[in-house]
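Notes for the structure review
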Amino acid sequence: MTDLLTVTDFTFAYPDQPATLKHVDLSLPHSQITLLFGQSGSGKTTLLRQLDPALRPTGTHTGTVTWSPDVTVRPHQLQVGFVQQHPDTQIVTDKVWHELAFGLENLGVPQDEIRVRTAEMAAYFGIHQWFHRDVSTLSGGQKQLLNLASVMVLRPALLILDEPTAQLDPIAADDFIHTLVKLNQDLGTTILIAEHRLDAVLPLADQVALMTRGEITVAGSASKVVQALYADHHALTAELPAPTRVYAATTGLRRADNLPLTIKTGQQWLANQSLPVASHFAPPAEPAGKPLIRARDLWFRYDQDGPDVLRGVNLDVYGGETLAIVGGNGSGKSTLLSLLGRIYQPYRGHINLAGKRLARYADAELYHHNLGVLPQDPQSLFVRSTVREDLYEVIDGHRQRTTPAYDLEMSKDAAVSGMADLTGLTDLLDRHPYDLSGGEQQRLALAKVLLLRPRVLLLDEPTKGLDAVNKGQLGTSSHNYTKRA
Amino acid sequence: MIQRDSFAHSHPLVNALYYVAVVGIATFCLHPVILIMSYLAAMTYAASLRGWRHVLRLNLTFVIPGMLIVAVLNPTFNHYGVTPLVVLNDGNSITVEAIVYGVILALSLAVVINWFVSINLVMTRDKFVYLFGRILPVGSLVLAMVFRFVPLFQRQFRTIRHGQQSLGRAPRQVRLWRRPHAWVTIWSIMLTWALENAITTADSMKARGYGQHHRTSFAIYRMRTREWLLVGLILLLTVLLVVSISTHQLMAQYNPTIMVTGFASAHLTPLSMLGLVAATVLVWLPLILRLFAAWRWRKVGHAGTAHATLPDYFRVPTTDSQRKYHTTQEGARL
């Protein structure tokens, strides 16, 4: 029994660039789930794209990618299906049923067969409830599920997913991974998935491969890879599920045969241990003084005939504190942030900032030095073609003069280089903002907002799509800023 | 309203054929009886879909004043006809024929406007994409993509504007002479975002086999017997009307004299009756279909329900509009 796909000694380089993939050996057994993980920039996406003939990038390569000889692709099927990270940009048509039928239309499948296959897939994924809906009315999780269904309707032999849950909230991400596992069990599709969020996938993967700087350094079962990670003191140990990290920290991985990967196995292991437990965690100190932001009885809805999004919200935010607002999908977190940032106005209730009504502030006074809002999509702030130019753009250019946005005595060059240091962008100052990775883009957007030196910083889902290392860096950057200010 | 309307949910071909026929009648057939009947039918159908308040408001504030304007303008510019009322300075005269023709033209315009109220609601995006795809297969995909990306770009535009607003750089926040710069900034961000993300979309299309084979087009509409019968009926009625008009049994003429045939005991012939009946059935067709569906429901519907009807506060909401105000049930978690 041969594997479905075997990559042997594969080396690939983009034109005029050093090799991105070096001597990669990977085999995908039939009907198994293979997890590929590694830091951003380690070459995961490049490897995944090499395996899909339609998306193969141009460049020079040596080595082979061999398919198993008994994989026959029938006329109205696709050999490889690919699901990317962003749910929105993969969707092509405006209706759910049309998106499902899109792939089949491409392959020239006759009408009746399209009807049958889309109906089957829709029923399997539970999409038949919203079959006739507009794509723009779906949530992120639903859109990603639609993407998965519209690829699976083509019955690919191999399904490749490139960080599919990066842009989804944790509950939707969990649901998506479980749908994938169900797919693997019910249809026997071979799955190759690159992921950061290892909590859900690691226990369920049949094979795990770690990629570092273009090479597959370890491949095998989950416990083998975990041991290798800890042996190298790899930074990626921060991505592992919490039970595994607790186990590794307390036992030093002397015995790895029943390495706990889920909370269930972790609890079982803990029950047999006698570990000293911390007596209590000190509660956070009660904030002193009057709140900096005070919101009372906020009611808000987007249209007059629509449902209320916020109903009687009261909020106190004190100076110097970091407040996290958490909640489920659609619970109104971003809307609350928009109200605090005066993007929208509540139809009932008021907000006070530093004792003065938010509505009474002049625009210039409010957005320069008082409030800074980091939007969900960092790309919506990028204006110029290099990072350095973008940072200067926020403070009105290179010329040293006082503007409403920049009234400091400090020289602009010093301010920009200081901010680049703070947010870890010093090495990236000459790159194009769109060429940066997700984490770097978040940090650039944060740097732009911080250059206006706001007293209050509103961050809307800043860690979306970031791996643990980048999350830590973002946290450090904003923490350093609050301490400094 | 529109949810229960059987004509609105018909096949696009039926809808398209019907509206072509009916707007054609309003434009080309200037017989007063037919026009008045079309006006009433169009208004009633639009009201059944949209509500009387909206339709009456549209007619009273927009259509009727427009009609008056056209009715007054026509005789001031056209001076044909044989019955002068007032003789003007340069020898031309305001004639009765021109006034009447002006009123008829205005009525024709009013009928078309009212038909368009229902066209707006009945011809949805799906139907346009379908019809377009019949003519030009690749066009249906392009049209579907347009309908997808225009709202998406609109939303992204708003996001970008809010992002700039929170930096203090939205167009309405800066000085007047900086406004063009602010707009250009927003458009530049929008364009870059659109182009970069188009690459992802193109990859997604390529990964699903776009461009490899000859494309077929999936239609969610099916022509069943009922649809063929309706198409046949519309064509038949149109043909009868055209026959009746072309044999001059049902005609109206306003220049040089007013001559209207086909109604009132004087000129009623079998052929003109045929034409009138065909026109009546044609313009009232959607409402006839609605009545027919209601009658069938009365006959069949109650047989299936055995329970007594409860007061309103016991009922569980079943439609989306009812569900909006009951927040306990909600859709899928994802």
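Residues numbered from 1 in each chain as written. Chains lettered and ligands numbered in written order. Predicted model: local features only at pLDDT ≥ 70, side-chain atom pairs only at ≥ 80, totals over all residues. Heavy atoms only, no water.

The subject of this paragraph is the sheet that holds strand β13 (residues 356-357) of chain A. All names here are of chain A. Read from one edge of the open sheet, four strands run β11-β10-β12-β13, paired in antiparallel fashion. In this open sheet, the two strands that pair with only one neighbour each are β11 (310-317) and β13. Bridge count for strand β12 (residues 348-353) against β13 is two bridges, and the pairing is antiparallel. Counted as the bridge partner of Asn352 is Arg357 from β13. With respect to the sheet, helix α10 (residues 333-340) is in contact with β10 (293-300), β11 and β12, its orientation differing from that of β11 by roughly 60°. (Pairing = 2+ DSSP bridges. Helix = DSSP H or I, 4+ residues; strand = E, 2+ residues; numbered from the N terminus. Contact = heavy atoms within 4.5 Å. Axes fitted to C-alpha atoms, helices over the stretch in contact; angles between N-to-C directions.)

All names here are of chain B. Per the UniProt record, "transmembrane region" (unreviewed entry) is annotated on residues 16-42, 54-74, 94-117, 129-150, 181-199, 228-251 and 271-292. Helix makes up 92% of residues 94-117 and strand makes up 8%, while its end C-alpha atoms are separated by 34 Å. Each end of residues 271-292 is marked by a C-alpha atom, and these two atoms are 28 Å apart; helix forms 100% of the span and strand 0%. (UniProt positions renumbered as here; feature names shortened; annotations may be inferred.)

Looking now at the packing of aromatic side chains. Counting across every chain of the model gives 21 aromatic pairs over all chains. Taking the centre distance of 5.3 Å and the plane angle of 90° together, the rings of Tyr124 of chain A and Phe125 of chain A count as edge-to-face. Judged by its relative accessible area of 10%, Phe125 of chain A is buried. Centroid distance Phe7 of chain B to Tyr45 of chain B: 6.0 Å. Interplanar angle 70°. Geometry classified as edge-to-face. With a gap of 38 residues between them, Phe7 of chain B in the segment before α1 (12-28) and Tyr45 of chain B in helix α2 (residues 32-50) connect regions that are remote in the sequence. Residue class for Phe7 of chain B comes out buried when judged on its relative accessible area of 1%. Put simply, the rings of Phe7, Tyr18, Tyr19, Tyr45 and Trp115 of chain B pair up and form one aromatic cluster. Here Lys182 of chain A stacks its cationic end above the ring of Tyr124 of chain A, 4.5 Å away from the centre of that ring. Sitting over the face of the ring of Phe149 of chain B, Arg148 of chain B holds its NZ or CZ atom 5.9 Å from the ring centroid. (Phe/Tyr/Trp six-rings, centres within 6.5 Å; stacked < 30°, edge-to-face > 60°. Buried < 20%, exposed > 50% of the residue type's maximum accessible area, 1.4 Å probe, protein only. Lys NZ or Arg CZ within 6 Å of the ring centre and 35° of its normal.)

We now examine the interface of chain B and chain A. The interface of chain B with chain A comprises 59 residues on the first partner and 70 residues on the second. Between Asp363 of chain A and Arg172 of chain B there is a salt bridge, and its shortest N-O distance comes to 3.8 Å. Our count for the contact surface shared by chain B and chain A stands at 24 residue pairs in polar contact (both at pLDDT 80 or more). Within the residue set of the side of chain B that touches chain A, elements represented by two or more residues are α5 (125-135), α6 (137-165) and α7 (179-207) of chain B. Split by residue class, the side of chain B that touches chain A holds 21 nonpolar, 22 polar and 16 charged. (Salt bridge = Lys/Arg side-chain N within 4 Å of Asp/Glu carboxyl O. Polar contact = N/O pair within 3.5 Å; in protein donor to acceptor, adjacent residues only side chain to side chain. Nonpolar A, V, L, I, M, F, W, Y, C, P; charged D, E, K, R; others polar.)

Here we take up the side chain of Ser477 of chain A. Residue and element names in this part refer to chain A. Turning to its location among the elements, Ser477 is positioned in helix α15 (residues 468-484). The buried category is assigned to Ser477, whose relative accessible area is 4%. Of note is the side chain of Ser477, whose polar atom sits 2.9 Å from the backbone oxygen of Gln473.

A word on the domain arrangement of chain B. How big an interface is tends to be expressed through the accessible area that disappears when the partners come together. With domains assigned, chain B is organised as domain 1 (12-126 + 224-294) and domain 2 (134-207). Just the C-alpha atoms count here: the centres of domain 1 of chain B and domain 2 of chain B sit 43 Å apart. (Domains from an automatic or database assignment.)

Here we take up the pattern of salt bridges. Per the stated rule, a full pass over the model turns up 24 salt bridges over all chains. For the salt bridge of Arg148 of chain B with Asp88 of chain A, the shortest nitrogen-to-oxygen distance reads 3.1 Å. Note that Arg148 of chain B is positioned in helix α6 and Asp88 of chain A in the loop between β5 (80-83) and α2 (96-106), a pairing that runs across two chains. In this structure, the salt-bridge partner of Arg342 of chain A is Asp363 of chain A, at a minimum N-O distance of 2.7 Å.

Residues and elements named next belong to chain B. Residues of chain B with pLDDT of at least 70 account for 88%, and the chain-wide mean is 83. Considering each helix and strand of chain B separately, the mean pLDDT is smallest for helix α10 (residues 320-323), with a value of 54, and largest for α1, with 93. With a pTM of 0.84, the predicted complex shows an ipTM of 0.86. (pLDDT = per-residue confidence, 0-100.)

A few words on helix α7 (residues 222-231) of chain A. Residue and element names in this part refer to chain A. Among all positions of α7, only Ala222, Val225, Val226, Ala228 and Leu229 are buried. Angular distribution of buried residues about the axis of α7 spans 160°; they occupy a single face of the element. Immediately downstream of α7, the backbone of His233 shows phi near 50°, a positive value. (Arc of directions from axis to C-beta.)

Further remarks concern the sheet that holds strand β8 (residues 207-212) of chain A. All names here are of chain A. Pairing within the open sheet is mixed, and its six strands lie in the order β5-β6-β7-β3-β8-β9. The two strands at the open ends of the sheet, each matched to only one other strand, are β5 and β9 (215-220). On average, each strand axis in the sheet is inclined to that of its neighbour by 15°, with strand direction left out of account. When β8 meets β9, the two strands line up antiparallel, connected through five bridges. When the bridges of β9 are listed, Met211 appears paired with Ile216. The strands touched by helix α4 (residues 140-152) within the sheet are β5 and β6 (158-162), with β5 carrying the most contacts at an inclination of about 170°.

This part covers the nonpolar core. In this structure, Leu148, Leu159 and Leu180 of chain A together with Trp115 of chain B are the most contacted members of the largest nonpolar core, which totals 121 residues. Residues contacting Trp115 of chain B, with those up to four places away along its chain left out, are Tyr18, Tyr19, Val22, Val23, Ser38, Ala42, Tyr45 and Val283 of chain B. Counting residues in each nonpolar core, the second largest holds 29 residues, with Ala415, Ala420, Ala445 and Leu451 of chain A among its members. (Core = buried A, V, L, I, M, F, W, Y, C linked by side-chain atoms within 4.5 Å.)

Time to look at a nonpolar patch on the surface. Residues and elements named next belong to chain B. Where nonpolar side chains cluster on the molecular surface, the patch consists of Phe132, Ile135, Leu136, Val138, Val142, Val146, Val150 and Tyr210 and spans about 720 Å² of accessible area. Going through the elements one at a time, α5 and α6 are the ones with two or more residues in the nonpolar patch. At four residues, α6 tops the list of elements feeding residues into the nonpolar patch. Within the secondary structure layout, Tyr210 lies in the loop between α7 and α8 (225-246). (Patch = residues over 30% accessible without salt bridge, like charges linked within 9 Å, V, L, I, M, F, W, Y side chains within 5 Å. Areas by Shrake-Rupley, 256 points an atom, 1.4 Å probe, with all protein chains shown as cover.)

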